Amino acid sequence: METSATPTHCPYCALQCGMNLTPAPDGGVEVTERADFPVNRGALCGKGRTAPAVLSSRVRLTSPLVRSRDGALRPAGWGEALDRIAEGLARARVAHGPDACGVFGGGGLTNEKAYALGKFARIVLGTSQIDYNGRFCMSSAAAAGNAAFGLDRGLPFPLEDVPRTGCVILVGANPAETMPPSLRYFTELRENGGTLIVVDPRRTKTAEQADLHLAPRPGTDLALALGLLHLVVAEGRTDEDYIRRRTTGWEEARAAAMAHWPEYVERITGVSVPQLRQAVRMFCEPESAMVLTARGPEQQSKGTDTVGAWINLCLATGRAGRPLSGYGCLTGQGNGQGGREHGQKADQLPGYRKLTDPEARRHVAEVWDVDPDSLPGPGRSAYELLDALGTDVRALLLMGSNPVVSAPRAAHVEERLRSLDFLAVSDVVLSETAALADVVLPVAQWAEETGTTTSLEGRVLLRRRALAPPPGVRTDLEVLHELAARLGVEKGFPTDPEEVFDELRRATAGAPADYSGITYRRLAEQHGVFWPCPSENGPAGPTESDTATVTGTGTRTDADADTSTSTSTGTDTDGHPGTPRLFLDRFATGDGRARFAPVSYRAAAEEPDEEYPVLLTTGRVVAQYQSGAQTRRVDELNTAAPGPFVELHPRLAARLGAAEGDPLAVVSRRGRAVAPARITTAIRPDTVFMPFHWPGEGRANTLTNPALDPTSRMPEFKVCAVRLEVVRP
Ligand code: SF4
């Protein structure tokens, strides 16, 4: 074990807070402050502070498990476990073809693992059937960002710009609970004279900090954005010069917005016309402003259109691709950004290259030393893949995900997983999904292995190994190496993360998410490097849709110069400095202009009716993370957030005859969940809220609707119709 503090980053959310890991007396590590990392400046939430507890948890897996004839999981050696997985995958492939093998990844996997997993699926298994849980996280924002700007990077500017802008609209984001250290950016914004508008059906801890809280009915954010744009036009607040010089598609988008009268929008959303007018004033009067979205508007069956409408608001007012202005998405998972760039998404090759682009296939196939024609085409999206288990897809390899808790319509997903011919899961603990597997592999996590992640800012970071994994545990890269060899591919799956990263750099050279100029050495010396960061010796000429040349990378603007002192973007001797701010010169589209989205309002896939009269929305609490597979194993976090609950308004509680703490059954067309009532005026009377971190009786995702956005294939986690019943003894 290292003897001194190891500077690294948190295993959980996309803020990727800097922390030091210091040897602890019990042989493990403890978290100590790392004040030099500029994003969190030493601050951590409870999840980050307690993260080492998972590594030494009494339920930590330290031996492979295989299912025996009697149906129970029993400890086994690595050789037997890996042989069983190779056999299970090979059998499905021989019997039903390569697409009978599925691969499901996760947004918490490092860039190296995500890259290796995508490569494994496509050249070892030859399957198109790979996707990952990040599809559930921010794919609608990615789709809308790509459509509007030609490129998706969560934030096209560093967080340090937030306190210096004039107004921020936070849509469906609750950073006070999901990433608490980031709240200081919004506090500083207000201290500097800027204003904060929060859009959320609940008066969250974040909304309590806002100058203006708009509480639309769940599923109506699209109408709200259109109504605001209508008023922007009606009040003559558009930036016509900007629209002319830097955008296309305004006339169509404008016409669509003008059909959304404020009074009509008030009827749909429940947000009053005076509040709409106030929001427009606050957003338009300062010189600069931003819109930041999170899962609220994105996890809808119209999430792409909804984000597109918020981007339209930015474009119409000249607030994108300018200093201190723009649209951004607050990515959720620890490597939600990098995880969607390097090939574990159904339609992508590393570097954000498209699987359907012949030139992209040629480039990546050359790096992988395979025939481009041997690469499969795009596969199914995450929910569609889970839905196909046991029918078209007969064997599944799953890494870093727990869909039994996190997928929509979870009881159905659980049933699909059970119907597989073969399931293999690698994880750190026996998650609810791992418990269904035929083989479970105990793998190293976070502080036990080195790797890179890419934060919500697009900042590539180095997580360093601080201690050895327990005996009996291997890394995911070792697992893929061994499985590839057993399936006949002896080369191309190194186990050293830096070697994998160097290959990833070559695979992404010239691509939209170009990492070719980033090295472990640079990451070790700096506080991360923002992509795109092309290598000086990289291949010539990105293609039309590529970014490295069209976003003005390497062109130092005044704004970039400010950043270089505080975010260490590199030195001349390092080559390309990285790109903290995108789009300042032009957007990453063929003509350099941003594209308006011609969108109109439509209702959620499921609206309340007589049978299911209440809206359910789901989300997170501060002390738990995603499916809770890790955080539910930490005593301190369990004490703070021991279980699910149903948040409801006193008027709704009175109608039901429910008192605080009463067990409430929440019933949707997909199933029934039971959790205690938590009565508060902080929620709309027509809506209930459930956090989704828990399995079992209180599993919120038993209820959620898998209706998919037609573009992003994102399920509608944020709104469905339910009825409530008090459960009497
Ligand atoms: Fe970790 Fe996110 Fe908490 Fe920071 S805010 S400590 S990255 S979970």
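Residues numbered from 1 in each chain as written. Predicted model: local features only at pLDDT ≥ 70, side-chain atom pairs only at ≥ 80, totals over all residues. Heavy atoms only, no water.

A few points about helix α7 (residues 183-191)
Next, step 1: Listing the buried residues of α7 in full gives Leu183, Arg184, Tyr185, Phe186 and Leu189.
Next, step 2: The inward-facing, buried residues of α7 abut β8 (167-171), α6 (175-178), β9 (195-199) and β12 (290-293). (Buried < 20%, exposed > 50% of the residue type's maximum accessible area, 1.4 Å probe, protein only. Helix = DSSP H or I, 4+ residues; strand = E, 2+ residues; numbered from the N terminus. Contact = heavy atoms within 4.5 Å.)

Observations regarding the domain arrangement of the chain
Next, step 1: Under the domain assignment used here, the chain contains domain 1 (6-55), domain 2 (65-136 + 335-495), domain 3 (139-329) and domain 4 (614-726).
Next, step 2: Listed by partner, the interface residues are nine residues for domain 2 and 10 residues for domain 3.
Next, step 3: Both faces combined, the contact of domain 2 with domain 3 buries some 930 Å², and carbon together with sulfur accounts for 47% of it.
Next, step 4: It is Tyr352, Leu456 and Glu457 in domain 2 that bury the most area against domain 3; as a group they hold 54% of the surface buried on that side.
Next, step 5: Our count for the contact surface shared by domain 2 and domain 3 stands at one salt bridge.
Next, step 6: Here domain 2 and domain 3 share eight residue pairs in polar contact (both at pLDDT 80 or more) between them.
Next, step 7: In terms of residue class, the side of domain 2 that touches domain 3 is made up of three nonpolar, three polar and three charged. (Domains from an automatic or database assignment. Buried area = accessible area lost by both parts, 1.4 Å probe. Salt bridge = Lys/Arg side-chain N within 4 Å of Asp/Glu carboxyl O. Polar contact = N/O pair within 3.5 Å; in protein donor to acceptor, adjacent residues only side chain to side chain. Nonpolar A, V, L, I, M, F, W, Y, C, P; charged D, E, K, R; others polar.)

What about the side chain of aspartate 438?
Next, step 1: Structurally, aspartate 438 is set in the loop between β17 (422-427) and β18 (439-442).
Next, step 2: One buried charged side chain, aspartate 438, makes no salt bridge at all; its nearest oppositely charged neighbour is arginine 67, positioned 4.6 Å away.
Next, step 3: Each residue touching aspartate 438, except ones within four places of it in the same chain, is listed here: Leu65, Val66, Arg67, Leu73, Arg84, Asp421, Phe422 and Leu423. (Lys, Arg positive; Asp, Glu negative; His and termini not counted.)

Some words on the sheet that holds strand β3 (residues 29-32)
Next, step 1: One open sheet holds the three strands; their spatial order is β1-β2-β3, and the pairing between them is antiparallel. One side of each edge strand has no neighbouring strand; the edge strands of this open sheet are β1 (6-9) and β3. For this sheet, the mean angle separating the axes of adjacent strands, direction not counted, is 40 degrees.
Next, step 2: Of the pairings in the sheet, the one linking β1 to strand β2 (residues 18-23) comprises four bridges and is antiparallel in character. Considered in β2, the bridge of threonine 6 is made with leucine 21. (Pairing = 2+ DSSP bridges. Axes fitted to C-alpha atoms, helices over the stretch in contact; angles between N-to-C directions.)

Digging into the pairing of strand β27 (residues 687-691)
Next, step 1: Counting buried residues in β27 gives five out of five residues, a clear majority hidden from the surface.
Next, step 2: Across the two faces of β27 the burial is the same, with Thr687, Phe689 and Pro691 and Val688 and Met690 all buried.
Next, step 3: In this structure, strand β23 (residues 614-619) lies alongside β27, joined through five bridges in parallel fashion. Its bridge partner being in β27, leucine 615 is matched across the sheet by threonine 687.

Describing the pairing of β12
Along a regular strand, successive side chains alternate from one face of the sheet to the other.
Next, step 1: Going residue by residue along β12, you find Met290 and Leu292 tucked away on one face and Val291 and Thr293 tucked away on the opposite face as well.
Next, step 2: The pairing of β8 with β12 spans four bridges and is parallel. Considered in β12, the bridge of isoleucine 169 is made with valine 291.
Next, step 3: Here β12 pairs with strand β13 (residues 326-329) via four bridges, running parallel. If you follow threonine 293 over to β13, its bridge partner there is cysteine 329.

So, the packing of helix α4 (residues 111-125) against helix α21 (residues 497-508)
Next, step 1: Contact geometry for α4 and α21: axes closest at 9 Å, N-to-C directions at 70 degrees. Classified by the angle their axes make, α4 and α21 are roughly perpendicular. As for how α4 packs across α21, the hand of that crossing is left-handed. Residue-level contacts link Asn111, Glu112, Tyr115 and Lys119 of α4 to Pro497, Val500, Phe501, Glu503, Leu504 and Ala507 of α21.
Next, step 2: The residue inventory of the contact of α4 with α21, partitioned by class, reads six nonpolar, one polar and three charged. (Parallel < 35°, antiparallel > 145°, perpendicular 65-115°, else oblique. Left-handed = near helix turned anticlockwise from the far one by under 90°.)

Topic: the nonpolar core
Next, step 1: Counting residues in hydrophobic clusters, the biggest one holds 122 residues, and the most contacted among them are Phe120, Phe149, Ile169, Phe283, Trp310 and Tyr327.
Next, step 2: Tallying contributions element by element places helix α8 (residues 221-234) first for this core, with 10 residues.
Next, step 3: In terms of domain composition, this core takes at least three residues from each of domain 2 (65-136 + 335-495) and domain 3 (139-329).
Next, step 4: Counting residues in hydrophobic clusters, the runner-up holds 54 residues, among them Ala14, Leu330, Phe645 and Trp694. (Core = buried A, V, L, I, M, F, W, Y, C linked by side-chain atoms within 4.5 Å.)

Some words on the sheet that holds β12
Next, step 1: As summarised here, the arrangement of the five strands in space is β10-β9-β8-β12-β13, forming an open sheet in which the pairing is parallel. The sheet is open, and its two edges are formed by β10 (212-214) and β13, each paired on a single side. Direction aside, the axes of adjacent strands within the sheet are offset by 15 degrees on average.
Next, step 2: Pairing of β8 with β9 involves five bridges; the strand directions are parallel. Directly across from leucine 170, in β9, lies its bridge partner valine 198.
Next, step 3: α7 contacts β8, β9 and β12 of the sheet and is inclined by roughly 135 degrees relative to β9.
Next, step 4: Helix α14 (residues 303-316) contacts β8, β9, β12 and β13 of the sheet and is inclined by roughly 155 degrees relative to β13.

Brief notes about unusual backbone geometry
Next, step 1: The residue after tryptophan 531, namely proline 532, is reached through a cis peptide bond having omega 0 degrees.
Next, step 2: Here proline 532 is to be found in the loop between β21 (529-530) and α23 (558-567).
Next, step 3: Phi at arginine 41 is positive, roughly 45 degrees, even though this residue is not glycine.
Next, step 4: Along the polypeptide, arginine 41 turns up in the loop between β3 and α1 (46-49).
Next, step 5: We classify arginine 41 as partly exposed; its relative accessible area is 48%.

Brief notes about the pattern of salt bridges
Next, step 1: Following the criterion strictly, the structure yields 48 salt bridges and no others.
Next, step 2: Between aspartate 36 and arginine 34 there is a salt bridge, with its nearest N and O atoms 3.4 Å apart.
Next, step 3: Assessed through its relative accessible area of 47%, aspartate 36 is described here as partly exposed.
Next, step 4: Between arginine 49 and glutamate 636 there is a salt bridge; the shortest N-O distance is 3.3 Å. With arginine 49 in helix α1 and glutamate 636 in helix α24 (residues 635-640), this pair connects stretches of sequence that are 587 residues apart.
Next, step 5: Owing to a relative accessible area of 46%, arginine 49 belongs among the partly exposed residues under this scheme.
Next, step 6: Where salt bridges share partners, they join Glu160, Asp161, Arg164 and Arg581 into one cluster.

Looking at the side chain of threonine 433
Next, step 1: Summarising the element assignment, threonine 433 is placed in the loop between β17 and β18.
Next, step 2: Among the residues examined, threonine 433 registers a relative accessible area of 0% and is labelled buried.
Next, step 3: A polar contact is formed between the side chain of threonine 433 and the side chain of asparagine 402, at a distance of 2.6 Å.

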